[in-house]
Each structure stands twice: as C-alpha cells, then as structure tokens.
Amino acid sequence: MKNRILRKMLCLVLTAAMMVSVMAGCGQKESGESTGKTSGSGETAKTQESSSGADETGKLTFPLEKKVTLTLWAGSLSQYLTNLVTDYNDTDFFQELERRTNVHIEFDTISSATTASEAFNLMISSGDLPDMIMGAGLYTAGMDAAVEDGYYLDLTPYLDTYLSNFNSLRTADEDVLLDSITDVGRVVRVQNISQTQQPLFMGLMIRKDWLDKDGLDIPKTLEDWEAVLTAFKENHGAYAPFALTPYYDMFLYGFNATTGFMVRDGKVIYSPTSENMKEALTVYSDWYKKGLIDPDFMARETGYAGDTSMIVTGQSGVFNSYYTLMDYYYQSSTDPDMELVAVNPPVCASGEESRLATPIPKLAGDGVAISTQCENPDIAMMWLDYLFSEEGALLANYGIEGDTFEYVDGKPQFTEKITNNPDGLSMNQAMSMYTCPPAVLAKSYSSERELAGVSEESLAMCDVWSLVPSDYFYPFTAIMTSDENNEFAAMYSDISTYVTSEIASFISGEKDISTEWDEYVSTIEGLGIERCVELKQNAYDRYLSRGTE
Amino acid sequence: MSSGALRAKRKKKYTAEAIVKDFKKHKVAYAMAVPGLIMVLLFNYMPIFGLGLAFVNYKPNLGIFGSKFVGLKYFKEFFSSMYFVRTVGNTLILSLLQIVFVFFGTILFALLVNELKNQKFKRMVQTVTYLPNFISMVVVAGIIVNFCTSKGVLAQLVSIFTGESKNLLSVSSYWRPLYIASDLWQGLGTGAIVYLAALAGIDQTLYEAAVIDGAGRWKQTLHVTLPGILPTIIIMLILKIGSIMSVGYEKTILLYNPQIYETADIISSFVYRKGLVEANYGFSTAVSLFNSVINTVLLITANAISRKATDNSLF
C-alpha cells in the first residue's frame, strides 16, 4: 500500500513536470499558430486587394464605426514627457488622435533603466509581438531579414491602398524614394518624412566668452585648437577643456576618420586602420597627456551631448551638443556671462578638407513596422498613414487650430499655449503634450515648427555645422542581405569591441601609438576586416544601383 | 566506524516507508517547501530545454526546432575567438582571487569576531559589516564609479602614492583590486554569518578540556575551533569551486568600460553583450553551456576529492 502511495506521488511529480514542459511547448506553438494565421490573413488581404481592393479600403474611413484597440511597442517614453505623464494616452495629442480615428492604442513603454535596443531584443525574443513596433530599425539584421524571419509585415503591396498618403510623399522625392526601399525592393516600415530639408542639428559648441576674454578666434588649425584649449585650462580653470565622450565620431570627422566604415571615391574604407585615424589619435593622445581632454572620458556614461553638469559649471569649454540645448545651458549656467557658438572639429595638420559629417536625410528615424501577429493590419496601416495626410500632419505638427496654433500669413504658427505655456511647461514639453513628440511615431514632419522656440543664435549654430559636407559618409540605408549580415556580424562584433577598447587606450596613453599601432592594425586584419569591407562594398554598390532598375 | 558502515546506515534511513512516514508526519513542512521547489523547477530545470539554442541559429518566432540547425558552429567560433583565452582567463583569475581573499578573508573575519568578548562591540561590528549587503548593486557601482573619477576620493588617495591623479577605472591593472576590495566591503559581514553560526554550535566543554590540557588561545583555535567549523568550510568551498567559472555579470557591466576590457571582460559579461546587446542568442547560449559544463565537472571533482580526503561532501 505504501508503495502505491509512493508511485502515486511519483506520478504526480512527473505529470506536474510534463504539464510545465507541455505548457512551455504550448506557448511556442500558440505564437507559431497565430503568426501563421495573420500571415494567412495577410494573404487574403492581398487577394482581396487585387480583386476589389479599392472597395475594401473605401469602406474603411476614420473615425471607425466601432472602436478598435491596437497595441504599439513604443520604446522609452519621449524624454520631454517623462516628468509629466506615464503613458502617451495621457497627452492631449493622442487623445485627439483617438477621437479622430476611433482607434485606441495600448502603448508598451519600457522603463528608463534599460536601453531601447536591449528591451527591443527582449520583446522580439519573447515571441509575443504587439501589433505595431516603433523603433523598427532596431532589428539589426536589416528590414529584409525582419520580413524573411517573419517578424515584420511587408508593406509593399499596400502602398497604393492603405498607405497612399505616405506613398505619395515617399515617391515625390528621389532621395526619399531610394532610402525607403530595401535592396530587394520592399517597403517594410513607415518613417518620418521631412517636409523641408532640416539643417544639421548637432555638433561641437565652444565657449565664445572665454575666447573673447583671451582675444582668441574660433580655432581652425591644430595649433589654434591647442592654444585655445590650453588657454581654457590655464585662464579659466577648466579641468576638462575638451569634453571628449565615447561618441568619438564627432571628434574624428575633422580628420576624415570615423569609428566605422566610410566611402571615398566610391570605395568603402574601414576607417579605424587608416592613416587619418592614426593622426587623429596621435593628436588626441597628445592633448590628453597635456590635460586638455576630460581625464575621465572613457568612463563617462553620457549620451551624445556632453555631461551637462560639467558644461554648466564651467569645467569644459568644448563639447558635443544639440542646438536646442543652448538656451537650457544659459539658464542653468553658474556663469552668467556664458556664451556659446558652434565650431567644427579639429582638422588634419595637412589642411586636408573634412568631407565627413552626419547627413540629415529627409527620410529618417527608426520608423514604425507592423508585426506579423497584427490582426488588423489594414487599420494599423491606415492609422499610421493618417499622420501623412494633410489633416493628420497638421495635427501632428501643430495641434488644433485656435488652440495650439493659428494661421499667420497662411502659415501655421504656435500660440502662446506652446511657446509660453501658462502651466509652466517648456516649449519642448508643451509641444510633446499637445502635438506629436519629435521622435515618436512617423509623420510628415515640419521641422520649421521647432524654430518657434529657438533663438536665432541657436539656429545660427546649424549653419556652421552644415558647412562640412558629408560626401564620405557611408549611407544609412545601404544594407546587407541577411546571409551577408550573418557572415558580417560574426566577424565584425569582435572587431568593433576591439576597436572601441583600443581607441580609448590609445587616447589615454595606456597604449603607445608609435610602437603599438602596427600590432593593432594587424590584429584587425587577422579578424577578417578585408571580408567585412567587401561585404559593405557590395551593399553600397547595390544601394547605388537601386533606382536604376 | 568505517565509512562503509556509515554509508550503509545512511542508506537504510531513506527507504520508501521512511519517506512516506516522514511525509505524513511533516505535511506542513513539506507544503512549505513547495514554492521553493516550483522555483527550482521553473528557473533551474526548465531552462535546460533552452540549451538547444546553442546548436541552432535561433530566431525566436521559429522556435528551437524551426530555427536552422548549425551544429557546433558557435562552439568553434567561441574557441577560435580572440576573446576566448581572455574571458576565460579573466574569469578564472577573478574567481581564484575571490577564493583567496573573500572566501578565506570571511573565515578569518568570523574567527576574529568570535574572539571578541565585549558583546556590545561584537554586535556592532557585525551590524556595521552586514549593512553594505543591503545596498543595491547599482548603487554600490555608482558609488565606486564616482569615487574612481580623477577627482574622486579613491583616485585622490591613490594619487598620493603614484603622483598622478587619473581615473582608476581606466587602468586595467587596478580593476581586480577594486573588484575584490568592493566585494569584501559588501560581502564580509553576510558571508561570516554562516561561520558564526557554526562557531556557536561548537561544544563549549571542548574548550574547557583544551584549557585544562594547557592550550592557549591559538592552540584552541587550531585544535578546537577550526576542526569544529571544518565541515562548513568544506561545503562552502565545494560550492564556491562549483561556480568558479561563473562570476556574476552585474557588477562587471556596471563598472567596466571598453578601455579595461583586457582585464575586466569576463565570460558572463561577454555572454551578456553577445546575447542581449547583439541578439546573438545561439552564440551566447553556447558560451554559457560550455561554462556550465566546466562548472559541473569542477563541482563533482571537488566533491569527490573532499569525500575521499575529509569525509565531508555535498552528495
């Protein structure tokens, strides 16, 4: 009898174990099934489209008769909203959008503790995808791979129907058209399209008031730069005159070097092993030794812009930033005389002109993709497309007429509610509450709207930064096929880890450039850089020939 | 009693009847173990099925069986990678340093605390050393990073000796001392608890007997105290050896920066970067699996050696 109980117990444990594993299996099967289902419904949508597609879309108009709820993975909440709301649905803009479309969006936003790419990878690996994915570009293997791997819906068949507004803007500009399609000719995501060419909005800033006090000009040559930085250190007590950050590219561009690939005369070059890079690192390590560069640069965890606390307390005189931040620095500075102007990075001793800068394409942003698990792809597409219609774009950029904007000389202008908010919101915050926040979703974007809150002085910065041409820049949208990408990634991840670590070591003098450079180059060659360059070249060639077929 | 007889006696204790009887007698106690068991099942046994990831080019929506089978590709990639020797080496060195300084340091600390006669002071020491354990790792890392900047307290202190103030976290040779020292600061008090408990369990009459035999403090420690807590030490050591290849990634990724990868990058931080940052699931699983296999072999070996040599063992 006792034996029987024991056997029963054993059974129980075993079934429990089975249950657990079966359940796990179930989860997987379920998600597999639903993918099958939706891709199936995609098929039917396609066939419908070919037979009576126009009618089908004709029936769907906003606002919908019955409320539809869609889910959207939104990454982290817009930086301007973090102190105001916890969910996009709490902003006036999204409430108005819901009123107009009768589509309710459930936003999935991540906590600020994780990085977007990490959270994105977790979301993808969970197998449980939302209807729409913002930050579609975070799928590092490329847009074609995202479709072939079965995550994103191929939007190409719907361009003329559900995405007609987006499509007409997309095809109106040749650059946008080229950038929007993948190598095999797909359109996979909906991205921001700028109505006008936006100037380069980020770069180096320098303390003009310090320069004036010392009777110095804006530095151009290497000697100028060294003199200026030395003066900052000695006369103004800056302990980190040049706030180098781990975003090295900005500082390397002046030398026609970058931490990745670049194009010169149609040929792809891996810059970190080039002579230009060697010269840049030699200069910076010399400056580091002389105490002209932030001694803690390698351990700083800043974003693109330099460490704010160092800037406003006068510890650094040259740093990376965005033009919109200048007024903020003035407000928080401990030195009331602070004056900033834009400056372009130091250039080669030989005087070789820099032709490397970050281009600002009209089609930009990581974009929004529709997942294969979306059950209402038609509604999702139309919802996304709405912000590319004239009516939708006006709402996204300027809000509601009479409330947040008014027409002045036929052009929309923000009212005081945005520019001088009665509740004490900054312009960026107000813009994010009442209109579509800058980097959120995808829309027909009016960059002119930003100018309302920016002083002319700040705007003048963009003109300086835009002086540097971006001919040598490796285009964002030259993308490898998924096979190429697999081969590339296996080699390149080791290389880039090695290079970031070595660049920091060379600058800080932990490694000596004059003796250890050759070893560094041969290590990179040993890791297969030649093949990587070849793959990048192929992708670039395909990018160039995209429009010609 | 020979060890063979001992084992025979042990065996007899766990018959089917005995288990059932014990189960009936302590139903509530067993029920209390259920949540723990479920946790072990969920987090320690379930993931075993996930090891399949190491052999396929894993795409989450295709599942393990749907993804393309690549065999031992990722293992070969790892073994031939330039980072193989570096990450394994760094992990082992850090682990050994932990055993030498943290593991034995903790025992030494427990012995010293045990010798304190002033109860108030003893309790205070214990509380003070125990407290850092409750500070979140993220906060601790933040403190360390701040102290190590070129103007930070620690860097200034070091500059008195070296003459130059530089960021301590930018020098690869400082990494290990910093890591171990902060480990000690945070874990000394907590680690000592288990030994203090063992020390409290030693029969006081043994000390009296030793005193009568003419043993001083030192001899008492050597012949009564140490043998008394030896089983605990051995068990703890076996467990530690069993995890020698897996130094946690949390502290490392919070503290390191690319410039000091040379000494700071360990297997777990490498796996983290490969798996979560680069989404290369197969590769990072392969590295983890390799890691676990070595750990298991070490654990079993250490256990066997200890069973032979000291009669103390985990299983």
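Above this text you will find the structure in question.
An account of the accompanying structure is given in this report. Since we're looking at a predicted model, the values are computed, not measured.

Rules behind the numbers
- Residues numbered from 1 in each chain as written.
- Chains lettered and ligands numbered in written order.
- Predicted model: local features only at pLDDT ≥ 70, side-chain atom pairs only at ≥ 80, totals over all residues.
- Heavy atoms only, no water.
- Helix = DSSP H or I, 4+ residues; strand = E, 2+ residues; numbered from the N terminus.
- Contact = heavy atoms within 4.5 Å.
- Areas by Shrake-Rupley, 256 points an atom, 1.4 Å probe, with all protein chains shown as cover.
- Buried < 20%, exposed > 50% of the residue type's maximum accessible area, 1.4 Å probe, protein only.
- Lys, Arg positive; Asp, Glu negative; His and termini not counted.
- Charge placed at Lys NZ, Arg CZ, Asp CG, Glu CD.
- Phe/Tyr/Trp six-rings, centres within 6.5 Å; stacked < 30°, edge-to-face > 60°.
- Pairing = 2+ DSSP bridges.
- Axes fitted to C-alpha atoms, helices over the stretch in contact; angles between N-to-C directions.
- Buried area = accessible area lost by both parts, 1.4 Å probe.
- Salt bridge = Lys/Arg side-chain N within 4 Å of Asp/Glu carboxyl O.
- Polar contact = N/O pair within 3.5 Å; in protein donor to acceptor, adjacent residues only side chain to side chain.
- Core = buried A, V, L, I, M, F, W, Y, C linked by side-chain atoms within 4.5 Å.
- Patch = residues over 30% accessible without salt bridge, like charges linked within 9 Å, V, L, I, M, F, W, Y side chains within 5 Å.

1. Observations regarding the overall build of chain A
The helix and strand inventory of chain A stands at 20 helices and 13 strands. Put simply, 75% of the contacts in chain A that link residues at least 6 apart link residues at least 24 apart. Taken as a whole, chain A presents about 24400 Å² of accessible surface, with 51% of it coming from carbon and sulfur.

2. Here we look at the overall build of chain B
Counting secondary structure elements, chain B contains 16 helices and two strands. With respect to the principal axes defined by its C-alpha atoms, chain B has extents near 65 × 65 × 35 Å. A total of 315 residues make up chain B; the buried ones form 39% of that total. A sequence separation of at least 24 residues applies to 63% of the contacts in chain B between residues at least 6 apart. Accessible surface for chain B amounts to roughly 17800 Å². Of this, 70% is attributable to carbon and sulfur atoms. Charge centroids of chain B, computed over 30 positive and 14 negative side chains, lie 6 Å from each other.

3. Remarks on the packing of aromatic side chains
Residue and element names in this part refer to chain A. A complete count under the given rule lists 56 aromatic pairs over all chains for this structure. Ring centres 6.4 Å apart and planes at 40° place the aromatic pair phenylalanine 242 and tryptophan 287 in the tilted group. Separated by 45 residues along the polypeptide, phenylalanine 242 in the loop between helix H8 (222–236) and helix H9 (249–252) and tryptophan 287 in helix H10 (residues 275–289) bring together distant segments of the chain. For phenylalanine 242, a relative accessible area of 0% gives the class buried. For tryptophan 287, a relative accessible area of 1% translates into the label buried. Ring centres of tyrosine 284 and tryptophan 287 lie 5.7 Å apart, and the angle between their planes is 80°; on these two criteria the pair is classed as edge-to-face. With a gap of three residues between them, tyrosine 284 and tryptophan 287 both fall in helix H10, about one helical turn apart. With relative accessibility at 1%, the residue tyrosine 284 sits in the buried group.

4. Things to note about the sheet that holds strand E9 (residues 340–343) of chain A
All names here are of chain A. An order of E8-E5-E9 is seen for the three strands of this open sheet, with the pairing classed as antiparallel. If you trace the sheet from one side to the other, it starts and ends with strand E8 (318–322) and E9, each paired once. Strand-to-strand twist across the sheet, computed as the mean angle between neighbouring axes with direction ignored, equals 45°. As paired elements, strand E5 (residues 202–207) and E9 share four bridges and run antiparallel to each other. Residue pairing in the sheet places isoleucine 206 in a bridge with valine 341 of E9. On the sheet, H8 packs against E5, E8 and E9 and is oriented at approximately 55° with respect to E5. Along the sheet, helix H17 (residues 456–465) contacts E5, E8 and E9; its crossing angle with E9, the most-contacted strand, is approximately 15°.

5. Some remarks on the side chain of B:Asn167
Relative to the helices and strands, B:Asn167 is located in the loop between helix H9 (153–162) and helix H10 (172–200). Once residues lying within four places of it in the same chain are set aside, the contact partners of B:Asn167 are A:Pro295, A:Asp296, A:Met298, A:Ala299, B:Cys148, B:Thr149 and B:Ser150.

6. Examining the interface of chain B and chain A
Counting from both sides, the interface comprises 36 residues of chain B and, opposite them, 35 residues of chain A. Summing the contributions of chain B and of chain A, the shared interface buries around 3400 Å²; its carbon and sulfur component is 56%. Across the contact surface, chain B and chain A share two salt bridges. With a shortest N-O distance of 3.7 Å, B:Lys274 and A:Asp494 are connected by a salt bridge. Here chain B is connected to chain A by 10 residue pairs in polar contact (both at pLDDT 80 or more).

7. Points about the nonpolar core
Counting 100 residues, the largest nonpolar core has A:Phe242, A:Phe261 and A:Trp287 as the members making the most contacts within it. If we skip the residues at most four places from it in the chain, A:Trp287 touches A:Leu222, A:Trp225, A:Glu226, A:Leu229, A:Phe242, A:Leu292, A:Ile293 and A:Pro346.

8. Points about the pattern of salt bridges
All names here are of chain A. For the structure shown, the criterion picks out 31 salt bridges over all chains. Here glutamate 96 makes a salt bridge to arginine 100, at a shortest N to O gap of 2.9 Å. Highlighted residues: glutamate 96 and arginine 100, both in helix H2 (residues 92–101), separated by four residues, approximately one helical turn. The residue lysine 290 makes a salt bridge to glutamate 226 at a minimum N-O spacing of 2.6 Å. Note that lysine 290 is positioned in the loop between H10 and helix H11 (308–312) and glutamate 226 in helix H8, a separation of 64 residues in sequence. Ionic contacts of the salt-bridge type, sharing partners, join the residues Glu96, Arg99, Arg100 and Glu391 into one network.

9. Quick notes on a nonpolar patch on the surface
All names here are of chain B. Judged by side-chain polarity, Ile135, Val138, Val139, Ile143, Phe147, Val153, Leu154, Leu157, Ile160, Phe161 and Trp185 come together as a nonpolar surface patch covering roughly 1100 Å² of accessible area. Counting only elements with at least two residues in the nonpolar patch, the list comes to helix H8 (137–148) and H9. If you tally residues by element for the nonpolar patch, the top one is H9, at five residues. Along the chain, the position of phenylalanine 147 falls in helix H8.

10. Things to note about helix H16 (residues 427–434) of chain A
Residue and element names in this part refer to chain A. Summarising burial for H16: seven of the eight residues are buried, a large majority. All of the buried residues along H16 are Met427, Gln429, Ala430, Met431, Ser432, Met433 and Tyr434. Taken together, the buried residues of H16 touch H2, strand E12 (411–414) and helix H15 (416–419).

11. A word on the pairing of strand E10 (residues 363–370) of chain A
Here three bridges tie strand E3 (residues 132–134) of chain A to E10(A), and the two strands are oriented antiparallel to one another. Looking across to E10(A), one finds that A:Met134 is bridged to A:Val368.

12. With respect to the side chain of B:Asp183
Residue and element names in this part refer to chain B. Mapped onto the secondary structure, aspartate 183 falls in helix H10. Of the polar contacts made by the side chain of aspartate 183, one reaches the side chain of glutamine 98; its length is 2.7 Å. Polar side-chain contacts of aspartate 183 include one of 2.6 Å to the side chain of lysine 251.

13. Considerations on the sheet that holds strand E2 (residues 103–110) of chain A
Residues and elements named next belong to chain A. Taken in spatial order, the six strands of this open sheet run E2-E1-E3-E10-E4-E13, and their pairing is mixed. Of all strands in the sheet, those with a lone pairing partner are E2 and strand E13 (444–445), marking the two edges. Taken together, the two bridges between strand E1 (residues 68–76) and E3 define a ladder with parallel strand orientation. In the strand pairing of E3, tryptophan 73 is matched with isoleucine 133. Along the sheet, helix H13 (residues 377–386) contacts E1, E2, E3, strand E4 (190–194) and E10; its crossing angle with E10, the most-contacted strand, is approximately 160°.

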